[in-house]
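The residues making up each chain are set out below.
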Amino acid sequence: MRTVHEVSKLTGVSIRTLQYYDKIGLLPPADYSVSGYRLYDDTALEKLQQILLFRELEFSLKEIKQILDAPDFDRNRALEQQIEMLTLKREHLDHLITFARGIQMIGVKTLDFSAFDTRKMDEYARQAKATWGNTQEYKEFEKRAEKWTKEEEQAMEQEFMELFREFGEMRLLGPDSLKVQNQVQKLQEYIGEHFYPCSDKILAGLGQMYEGGGAMTEQIDRAGGAGTGEFVGEAIRIYVKRLGS
């Protein structure tokens, strides 16, 4: 765990900014010290990296929160989008540098404004934002989340992680066992009751995220033990396949 001062020194993000990110629910600390100071773990720092990448791409804090809170948020998919947008941004800057050097070296006035055209970047950014947050599930999640108190949100998070702790205790049974499959149904029903409608398609996507190796996988593995995320992903695959057969 790192204190807010240590995180600020490590990342270059001011303490004031980190406090503000916590206030708006964008980056809450993982825990608090006995003295009440914010503490951040590796998962929180990983999320901060995502925030900073989106900020580098000039996404607003509201847009970033919407993306990171999306029920189907996929870290790897987001990174692919960020890499593409950063590549477009680099190409745009290269064109501007070449354009400016041309004016400097030749000294000729020009009415060519093509180097300033950002439409390709803007369109890709628009598509990336639309990927997250325009689903009916996210709108329902956002509607419910507005009514939660901080205590209610923390309680639900604990209950949610308890489901994965229970999954961890069942790993020796195998992902296709009746008990594990019943646990998958319990997970789907919990998500539907507390967060957003969880169709079999949504559940399948969540399963891929749980075993995808990102922050969510690490969080699940901390709750249920190493390999739990992968185990849950496989159990969900079997569950969805059986329903579709």
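Residues numbered from 1 in each chain as written. Predicted model: local features only at pLDDT ≥ 70, side-chain atom pairs only at ≥ 80, totals over all residues. Heavy atoms only, no water.

1. Considering the overall build of the protein
Next, step 1: Scanning the protein from terminus to terminus reveals twelve helices and three strands.
Next, step 2: Counting all 245 residues of the protein, 36% fall into the buried class.
Next, step 3: Relative to all contacts within the protein whose residues are 6 or more apart in sequence, the contacts with residues 24 or more apart total 65%. (Helix = DSSP H or I, 4+ residues; strand = E, 2+ residues; numbered from the N terminus. Buried < 20%, exposed > 50% of the residue type's maximum accessible area, 1.4 Å probe, protein only. Contact = heavy atoms within 4.5 Å.)

2. A few points about helix α10 (residues 200–210)
Residue pairs three or four apart in sequence face the same way in an α-helix, which turns once every 3.6 residues.
Next, step 1: Three or more residues of α10 are buried, namely I202, L203, L206, G207, M209 and Y210. The arc enclosing the buried residues of α10, seen along the axis, measures out at 160°, which places them on a common side. Counted as exposed and oriented over 90 degrees from the buried face of α10: K201 and Q208. (Arc of directions from axis to C-beta.)

3. A short note on the side chain of T217
Next, step 1: With respect to the element layout, T217 can be found in helix α11 (residues 215–224).
Next, step 2: The exposure class of T217 is buried, given its relative accessible area of 10%.
Next, step 3: Here the side chain of T217 touches Y210 through a polar contact of 2.7 Å, landing on its backbone oxygen.
Next, step 4: Contact partners of T217, with chain neighbours within four places excluded, come to M209, Y210, E211, G212 and G229. (Polar contact = N/O pair within 3.5 Å; in protein donor to acceptor, adjacent residues only side chain to side chain.)

4. As for the sheet that holds strand β1 (residues 2–3)
Next, step 1: Strand order across the open sheet formed by three strands is β1-β3-β2, with antiparallel pairing between neighbours. Where the open sheet ends on each side, the last strands, each with one partner, are β1 and β2 (31–32).
Next, step 2: Direction of pairing for β1 relative to strand β3 (residues 38–40): antiparallel, over a ladder of two bridges. Within the sheet, the bridge partner assigned to R2 lies in β3 and is Y40. (Pairing = 2+ DSSP bridges.)

5. Structural notes on helix α1 (residues 4–11)
Next, step 1: Considered for burial, the residues of α1 that qualify are V4, V7 and S8. Each buried residue of α1 sits inside an arc of 100° when the element is viewed along its axis, so together they form one side. In α1, the exposed positions that point more than 90 degrees away from the buried face belong to H5, K9 and L10.
Next, step 2: Contact partners of the buried residues in α1: β1, α2 (15–23), β3 and α3 (42–56).
Next, step 3: A positive phi of about 85° marks G12, the residue just after α1.

6. With respect to the confidence of the model for the protein
Next, step 1: Mean pLDDT for the protein: 80, with 79% of residues reaching 70 or above.
Next, step 2: Per-element confidence in the protein is highest for helix α9 (residues 178–194), whose mean pLDDT is 93, and lowest for helix α6 (residues 119–131), whose mean pLDDT is 57. (pLDDT = per-residue confidence, 0-100.)

7. Digging into the packing of aromatic side chains
Next, step 1: On inspection of all chains with the given rule, the structure shows seven aromatic pairs.
Next, step 2: Taking the centre distance of 6.2 Å and the plane angle of 20° together, the rings of F160 and Y190 count as stacked. Of this pair, F160 sits in helix α8 (residues 150–169) while Y190 sits in helix α9; the two residues are 30 residues apart in sequence, bridging distant segments of the chain.
Next, step 3: Residue Y190 is classed as buried on the basis of its relative accessible area, which comes to 11%.
Next, step 4: Seen in terms of ring centroids, F160 and F195 are 5.5 Å apart; in terms of plane orientation they differ by 90°. Their pairing is edge-to-face. Placement of the pair is F160 in helix α8 and F195 in the loop between α9 and α10, with a sequence separation of 35 residues.
Next, step 5: Three or more aromatic residues link up through ring pairs in this structure, and these residues are F160, F164, F167, Y190, F195 and Y210. (Phe/Tyr/Trp six-rings, centres within 6.5 Å; stacked < 30°, edge-to-face > 60°.)

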